[in-house]
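Breakdown of the fold
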Amino acid sequence: MSHLRTAHTTTELTAIFEESGMPEKYFDQFLMYYETCFKDFLKENEQYRDEDFAEGESVQSDALIVTKIHIELVMKEISKGHGDEWAFAIANCTEEDERAHIFVYNELKNINPELAKKELLILCKSYSGDDFFEKYFISKFEKGCDYFNYAKRARKYSEIYKKKLTEGKSKIYAHQYADLIANEEFSKIYCEEYAYAYDKAISEAKSEEYAVVFADQYGSALVDIKSRYGISDDEEMINFEIEKVNIFMKAWAHNQELQLTNFKRFADIYEQVHMKTYYNDQNKSPVIESKEINKDILERTLHSYMKLEDK
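Before going into details, it helps to say that this report is about the structure given with it. Remember, it's a predicted structure, so these values are computed and weren't measured experimentally. (Residues numbered from 1 in each chain as written. Predicted model: local features only at pLDDT ≥ 70, side-chain atom pairs only at ≥ 80, totals over all residues. Heavy atoms only, no water.)

1. Overview of the overall build of the protein chain
- In terms of regular secondary structure, the protein chain is built from 14 helices and zero strands.
- Its helices and strands in sequence order give the protein chain the pattern α-α-α-α-α-α-α-α-α-α-α-α-α-α, from N to C terminus.
- Out of the 311 residues belonging to the protein chain, those deemed buried represent 40%.
- For the protein chain, the proportion of contacts with a sequence separation of at least 24, taken over those separated by at least 6, is 51%.
- Accessible area for the protein chain stands at about 18800 Å²; split by element, carbon and sulfur atoms hold 50% of it. (Helix = DSSP H or I, 4+ residues; strand = E, 2+ residues; numbered from the N terminus. Buried < 20%, exposed > 50% of the residue type's maximum accessible area, 1.4 Å probe, protein only. Contact = heavy atoms within 4.5 Å. Areas by Shrake-Rupley, 256 points an atom, 1.4 Å probe, with all protein chains shown as cover.)

The structure is reproduced here in structure tokens:
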């Protein structure tokens, strides 16, 4: 066989591994990796003649280059403090950079959750972030969020979270606001209003589910008003939209008990009935609210809802 298609000997490879400073316990694994690479490259080039190779190229050189890259990837992870299982999994992963970390973490978590948690902490520490960075970074991995740039987002989260605390905001507000801003998916107005509404709901002892729905409705309604040219600071319009959000949440609370099949239809009817009952069309000022009127609103809403559902 041509020397261009002849594999390095074990002795040659061992000398190369020793020169790299690699611990001897990894030699056998890298020898097997080289052997696999060599066989793959040999098969790929079986139709080529020796003269078809460019100067300095050969099956053995290609196999060695890829093996050295593999070695560097493994040793890089080990130098961070990662264990062998994590390091080799990262090196073998077809994904790159953070995607590889996410993929390997999820795979390892399915096999050995405790080890996955340990390796994730090591990965997190390698970024040298503060406690807020680490908590946020780890939570995104554990929750399996469907976006990337966790480290970049965690740094931004930490910076904004601490800033909001110094401004006198509550921890709940600071977390919600910083989390949304770090995600880079929402406008600043929405983030501010969402965080305010979420904090308000929690401070009033509402459930987490209620707080999330209320905050999203509140943020969406106010960003719509405050983003419009000419009415962004119209206090009457803003208050009216807030009241519509409160009406929606009443409908939502009723539906938690009713579990209707078409909540959107129910909520739309409830808002219409509620507005016609309580508001003057000219100045949109509500009359005094009462339990009896609210009960009547619910009954009329259900009556209209059932008629539409029966059609």
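2. Remarks on the environment of Ile-181
- With respect to the secondary-structure elements, Ile-181 resides in helix α9 (residues 171-183).
- The sequence separation of Ile-181 and Arg-153 amounts to 28 residues, and the corresponding C-alpha distance is 8.8 Å.

3. Focus: the side chain of His-274
- In this fold, His-274 is placed in helix α13 (residues 263-278).
- Overall, His-274 belongs to the buried group, its relative accessible area being 1%.
- Not counting residues up to four positions away in its chain, the partners in contact with His-274 are Ile-247, Lys-250, Tyr-279, Asn-294 and Ile-297.

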